[in-house]
Amino acid sequence: MKEKPLKLKILDWVTILLFLLATAMVFFYAPMERVMGAVQKVFYFHVAAGWVGMLSFFFAAVAGIIYLVKKDEKWDLIGYSAIEIGIVFTLINVVTGAIWARPIWNAWWTWDPRLTTATIMELVYFAYLMLRQGIDDPERRQRFGAVYAIVGFLSVPLTFFSIRIFRTIHPVVIGGNDPTAVGAFDMTPLMLQTLLFSILVFSVLFIDLMWHRIRLGQYMNRVDELKMRLQD
Amino acid sequence: MEPLNTINYFIAGFAVIFGAIGIYIASLVIRWRNLRNEEEILSEVDNETS
Amino acid sequence: MQAKTSFIKALSAVIWKDLMTELRSKELISGMLVFSLLVIFIFNFSLEMDARTRNSVTAGVIWVTLIFAGTIGLNRSMAVEKDRGCLDGLLLAPVDRTAIYFGKSIANLIFMLIVAAIILPVYSLLYNNNVISLGLILVILLGSEGYVAVGTLLSSMAVQARTRDILLPILLFPVIIPILIAAVKASNGFLNGVPFNELMTWIYLLIAYDVIFTSVAFMVFDAIVEE
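None of the values given here were measured: they were computed from a predicted structure.

Asker: Kindly report on the interface of chain A and chain C, identifying the contributing residues and their values.
Answerer: Facing the 30 residues of chain A at the interface are 29 residues of chain C. Both sides together, the interface formed by chain A and chain C hides about 2,800 Å², and carbon and sulfur atoms give 73% of it. For the pair chain A and chain C, the number of links is 1 salt bridge. Residues Asp136(A) and Arg162(C) are paired through a salt bridge, measuring 3.0 Å at the closest nitrogen-oxygen approach. Our count for the contact surface shared by chain A and chain C stands at 10 residue pairs in polar contact (both at pLDDT 80 or more). Sorting the residues of the side of chain A that touches chain C by element identifies helix 4 (113-133) and helix 5 (138-169) of chain A as the ones contributing at least two each. No other element matches the 18 residues that helix 5 of chain A contributes to the side of chain A that touches chain C. Residues belonging to the side of chain A that touches chain C are distributed by class as follows: 19 nonpolar, 7 polar and 4 charged.

Written as structure tokens, this is what we have:
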């Protein structure tokens with residue numbers, strides 16, 4: 001357990017290299033956007049982080065279903081790890097979105113469907129953490145976690161859909177213009193390459209972090225077992 | 001047309017990205033170390049009692 | 001045939017038990033009602049509800065009141081089961097678990113509708129303005145159904161946690177936001193006399209959400225109650 005497996009070591013280094021490469025690409029390879037200037041470069045990792053966030057919550061919901069069918073502790077650990085990582089990346093997504101919006105939309109926050117949905121999603125998974133924290137019995141905690149991961153993930157597209165329709169039926173009154181129109185830009189091939197590469201790199205980063213988090217969880221279980229044995 | 005000068009927001013954005021990932025990785029490392037310490041103490045106790 | 005009748009029997013037994021308990025103690029409905037009235041009064045002063053403001057906020061006020069009162073009701077109805085050991089008794093009984101889920105949901109829905117049936121006339125009376133219409137009643141039925149479908153599921157989890165008093169709203173509110181948006185928008189339309197066919201989108205949406213949430217909730221309910 002203590003020794004890192006070779007595959008993980010390799011993955012760590014690949015991830016670090018890819019991440020540096022992606023950063024270099026964003027900084028130097030992707031062209032400077034003509035209107036928005038430097039802040040537009042946040043966009044690549046902003047989208048990639050949002051993608052990883054969605055991906056991990058999706059994994060957590062799938063792991064929840066498998067857990068409920070198989071009742072295998074392993075799937076609970078996978079789901080819980082995915083949610084922890086998803087929360088970090090969704091937070092990055094929302095905060096970088098706000099930082100981009102400040103100079104471009106002239107406000108940190110707008111009630112834009114995606115922004116709002118991402119934030120509500122974050123709240124769902126904060127609730128998930130609080131639920132787990134409130135239950136002492138491990139087996140019950142795992143079951144309830146799985147249920148909430150499924151129900152919570154299900155509500156995300158519905159929330160997005162509701163807010164979307166809410167917007168089209170009721171246009172923005174204050175501000176007057178469609179927020180998606182401001183700050184839109186045509187992607188050049190170089191930009192698209194950078195974006196796709198960033199998404200790839202963040203996906204690899206996600207796998208790497210998942211692996212570490214799952215190992216940590218297994219270690220925790222082992223130490224807990226040891227503790228239990230000593231108490232007897 | 002000159003692009004907007006948004007370099008400060010650019011720096012803030014990347015500080016958040018690198019900062020959040022860094023903090024998360026640090027939390028993994030710290031949790032791992034705490035566990036290792038705990039395990040060592042526990043196994044010492046284990047050896048003493050047995 | 002045999003299974004079908006026993007399901008309906010179990011279902012009506014669960015509902016009947018809840019209604020009878022409530023009829024005897026009246027603590028749940030009275031608590032929800034007094035709370036709702038207080039919320040309306042607080043809204044009146046905090047929003048300074050003159051005629052013009054009321055046009056735009058009535059739907060929101062009604063739904064926030066219902067949802068807050070609903071949280072109290074859900075928490076109470078599940079906590080009572082838990083504390084008196086009824087839940088364990090029910091689970092030991094050889095009945096279909098889904099009968100328990102639907103029974104509790106229907107009972108909770110009935111309580112919520114009773115509260116709505118009282119606060120709507122009271123609201124109309126307080127502001128001397130009839131808010132009740134067929135459309136609004138339909139929206140309240142559909143919205144409450146979706147709310148209770150998720151609420152019954154989540155409250156049966158929340159009552160088993162250490163932090164149960166604060167946990168239910170935290171778990172429930174982010175998940176029911178889509179229902180709430182659709183319900184408030186549709187109610188707002190009906191209150192402002194928007195023709196029915198223009199509001200069909202929201203009604204269909206509410207129906208779709210109700211179906212989705214109810215079916216998923218009843219599929220996973222087994223996992224919550226099995227011990």
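Asker: Break down the arrangement of the chains for me, with residues and values.
Answerer: Contacts between protein chains span 2 pairs of chains, and they are most numerous for chains A and B. Chain C makes no contact with chain B, the minimum C-alpha separation between the two being 24 Å.

Asker: Would you mind going over the nonpolar core in detail, with residue names and values included?
Answerer: Phe89(A), Tyr148(A), Phe202(A) and Leu153(C) are the most contacted members of the largest nonpolar core, which has 151 residues in total. Of the residues forming this core, the biggest block, 15 residues, is contributed by helix 6 (residues 189-231) of chain A. Once you skip the residues sitting within four places of it in the chain, Leu153(C) turns out to touch Val147(A), Val151(A), Tyr101(C), Ala217(C), Val220(C), Phe221(C) and Ile224(C).

Asker: Mind laying out the confidence of the model for chain A, listing which residues take part and the relevant values?
Answerer: Residues and elements named next belong to chain A. In the predicted model, chain A carries a mean pLDDT of 87, and the fraction of residues at 70 or more is 91%. For chain A, the element scoring lowest by mean pLDDT is helix 5, at 87; helix 2 (residues 42-70) scores highest, at 94. In this model residues 170-177 is a low-confidence stretch, pLDDT under 50, and it forms 5 contacts with partners more than four residues away in sequence or in other chains.

Asker: Before we move on, could you go through the environment of Leu18(A) and cite the residues and values that matter?
Answerer: On the secondary structure map, Leu18(A) appears in helix 1 (residues 6-29). Look past the residues within four positions of Leu18(A) in its chain and what remains in contact with it is Phe197(A), Val201(A) and Val204(A).

Asker: Pulling in residues and values, what's your account of the interface of chain B and chain A?
Answerer: Between chain B and chain A, the residue contacts involve 30 residues of the former and 43 residues of the latter. Carbon and sulfur atoms make up 80% of the surface buried where chain B meets chain A, a total of about 3,300 Å² over both sides. Where chain B packs against chain A, one counts 3 salt bridges. As a salt-bridge pair, Lys227(A) and Glu38(B) come within 2.7 Å of each other at their nearest N and O atoms. Linking chain B to chain A there are 7 residue pairs in polar contact (both at pLDDT 80 or more). Here the side of chain B that touches chain A is built from residues that sort into 20 nonpolar, 3 polar and 7 charged.

Asker: How would you sum up the side chain of Gln142(A)? Please name residues and give values.
Answerer: With respect to the element layout, Gln142(A) can be found in helix 5. Not counting residues up to four positions away in its chain, the partners in contact with Gln142(A) are Tyr67(A), Glu73(A), Asp76(A) and Arg132(A).

What counts as what
Residues numbered from 1 in each chain as written. Chains lettered and ligands numbered in written order. Predicted model: local features only at pLDDT ≥ 70, side-chain atom pairs only at ≥ 80, totals over all residues. Heavy atoms only, no water. Contact = heavy atoms within 4.5 Å. Buried area = accessible area lost by both parts, 1.4 Å probe. Salt bridge = Lys/Arg side-chain N within 4 Å of Asp/Glu carboxyl O. Polar contact = N/O pair within 3.5 Å; in protein donor to acceptor, adjacent residues only side chain to side chain. Helix = DSSP H or I, 4+ residues; strand = E, 2+ residues; numbered from the N terminus. Nonpolar A, V, L, I, M, F, W, Y, C, P; charged D, E, K, R; others polar. Core = buried A, V, L, I, M, F, W, Y, C linked by side-chain atoms within 4.5 Å. Buried < 20%, exposed > 50% of the residue type's maximum accessible area, 1.4 Å probe, protein only. pLDDT = per-residue confidence, 0-100.

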